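Fold and contact review
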Amino acid sequence: FNDDAKSRVNYILKNLLVENGDVTTYYLADSMFISDSYLETLLKQVKRSISKYDLTLGRKRNMIFLEGSEVNKRRLLSNLLLRAIISTFPTFRI
């Protein structure tokens with residue numbers, strides 16, 4: 001992934017969706033080669049991103065997960081996939 005914050009936020013969201021929730025903050029920080037404090041900054045951006053889908057970020061110790069309905073999680077996933085397609089194929093039209 002790119003080193004910009006937007007790519008890192010998308011990476012976090014994809015992990016939360018694919019792992020069906022339980023992802024450790026240690027894993028995320030290590031896999032992106034970032035500090036815990038920078039991860040916390042990114043998680044604030046994640047919270048803002050998911051609020052549009054009526055989702056919240058749950059946390060138990062070092063585990064984070066998405067809270068909300070399955071329908072809203074699927075809406076988020078669909079939007080992430082669509083953005084990935086559009087960024088890969090700029091001439092793609094819906």
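Refer to the preceding data block for the structure.
Within every chain, residues take consecutive numbers counted from 1 along the sequence as written. At least 70 in pLDDT is required for a residue's local features to be given in this predicted model, at least 80 for side-chain atom pairs to be given and counted, and no such filter applies to totals for whole chains, interfaces and linings, which use all residues. Think of the side-chain values as coming from all heavy atoms in the structure, minus any hydrogens and water.

Digging into the pairing of strand β3 (residues 63-67)
The two faces of the sheet receive side chains in turn, since in a regular strand these alternate between them. The pairing criterion is simple: DSSP has to find at least two bridges between the two strands. Numbering of helices and strands runs from the N terminus; a helix is a DSSP stretch of H or I covering at least four residues, while a strand is a stretch of E covering at least two. Pairing geometry for strand β1 (residues 23-24) and β3, over 2 bridges, is antiparallel. Directly across from Val23, in β3, lies its bridge partner Ile64. Of the strand pairs in this sheet, strand β2 (residues 56-60) and β3 are connected by 5 bridges, and their pairing is antiparallel. Bridge pairing in β3 places Gly58 opposite Phe65.

Here we look at helix α3 (residues 36-51)
A helix is expected to span 1.5 Å multiplied by its residue count minus one. With 16 residues, α3 should cover 22 Å at 1.5 Å per step; its first-to-last C-alpha distance of 22 Å lies within 8% of that length. The buried label goes to any residue with under 20% of its type's maximum accessible area, the exposed label to any with over 50%, and the partly exposed label to all in between, with areas taken from a 1.4 Å probe on protein chains only. Among the residues making up α3, those that are buried are Leu39, Leu42, Leu43, Val46 and Ile50. Along the axis of α3, the buried positions cluster into a sector of 110°, meaning they face one direction only. Facing away from the buried surface of α3 by more than 90 degrees, the exposed residues are Ser37, Lys44 and Arg48. Buried-residue contacts for α3 involve α1 (5-18), α2 (25-32), β2, β3 and α4 (70-88). This arc describes the spread of directions from the helix axis toward the C-beta atoms. For this analysis, residues touch if any pair of their heavy atoms sits within 4.5 Å.

Considering the pattern of salt bridges
Oppositely charged side chains are able to pair whenever their charged atoms sit close together. Criterion for a salt bridge: a side-chain nitrogen of Lys or Arg within 4 Å of a carboxyl oxygen of Asp or Glu. In this structure the tally under the stated criterion is 2 salt bridges. A salt bridge links Glu40 to Arg59; the shortest N-O distance between them is 2.7 Å. You can see Glu40 sitting in helix α3 and its partner Arg59 sitting in strand β2, a full 19 residues away along the chain. Taking the relative accessible area as the measure of exposure, Glu40 reaches 32% and is therefore partly exposed. In this structure Arg59 comes out as partly exposed when scored by relative accessible area, which is 41%. Across the salt bridge formed by Arg74 and Glu70, the nearest N and O atoms sit 3.3 Å from each other. Residue Arg74 and its partner Glu70 are located together in helix α4, separated by 4 residues, close to a single helical turn.

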